[in-house]
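A closer look at the structure
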Amino acid sequence: TRFRNNWELSAARSLKILDALTTRYGISEERLSLSSEGSHNPKGSNDTEDGRAVNRRVEISIQSAE
């Protein structure tokens, strides 16, 4: 497999989004933060497909430009 665990997958997913926001959309890195939770902070139950789908997410925080 490409990733050893869910944390690595979560981190890779977040970095891909960060890269797109900075290179494609020109948002400064200083305005962005990311957090990779892996399986440590699920929003849904990992016992169901719907729950697992909800847990495959990237939460984006963009600070205002000052």
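A brief structural summary.

Basis of the calculations
Residues numbered from 1 in each chain as written. Predicted model: local features only at pLDDT ≥ 70, side-chain atom pairs only at ≥ 80, totals over all residues. Heavy atoms only, no water. 1 Å grid on protein atoms, 1.4 Å probe; cavity = no way out; pocket = protein on both sides within 12 Å on 5 of 7 lines; lining within 4 Å. Points joined across faces, edges and corners; volume = space filled by probe spheres on them. Helix = DSSP H or I, 4+ residues; strand = E, 2+ residues; numbered from the N terminus. Nonpolar A, V, L, I, M, F, W, Y, C, P; charged D, E, K, R; others polar. Salt bridge = Lys/Arg side-chain N within 4 Å of Asp/Glu carboxyl O. Buried < 20%, exposed > 50% of the residue type's maximum accessible area, 1.4 Å probe, protein only. Contact = heavy atoms within 4.5 Å.

1. Here's the deal with empty space enclosed by the protein
Tallying each qualifying case throughout the model produces 1 cavity of 30 Å³ or more. Here the largest cavity is characterised by a volume of approximately 60 Å³. The wall of the largest cavity is formed by Ser 14, Ile 17, Leu 18, Leu 21, Leu 32, Ser 33, Leu 34, Val 58, Glu 59, Ile 60 and Ser 61. Sorting the residues of the lining of the largest cavity by element identifies helix H1 (6–24) and strand E1 (32–33) as the ones contributing at least two each. The biggest single contributor to the lining of the largest cavity is H1, with 4 residues. When its residues are assigned to classes, the lining of the largest cavity shows 7 nonpolar, 3 polar and 1 charged.

2. Focus: the pattern of salt bridges
Within this structure, the stated rule accounts for 5 salt bridges. With its nearest N and O atoms 3.8 Å apart, the salt bridge here joins Lys 43 to Glu 59. Of the two residues, Lys 43 is situated in the loop between E1 and helix H2 (49–55) and Glu 59 in the loop between H2 and strand E2 (61–62); the sequence distance between them amounts to 16 residues. One salt bridge in this structure joins Glu 59 and Arg 57, with 2.8 Å as the shortest N-O distance. Glu 59 gets classed as partly exposed once you look at its relative accessible area, which sits at 46%. Linked by salt bridges that have partners in common, Lys 43, Arg 57 and Glu 59 make up one network.

3. Brief notes about the environment of Gly 44
Tracing the sequence through the fold places Gly 44 in the loop between E1 and H2. Between the C-alpha atoms of Gly 44 and Arg 13, which are 31 residues apart in sequence, the distance is 18 Å. When neighbours within four sequence positions are excluded, Gly 44 is seen to be in contact with Gly 51, Val 54 and Asn 55.

Scope: geometric values only; no functional claims are made or implied.
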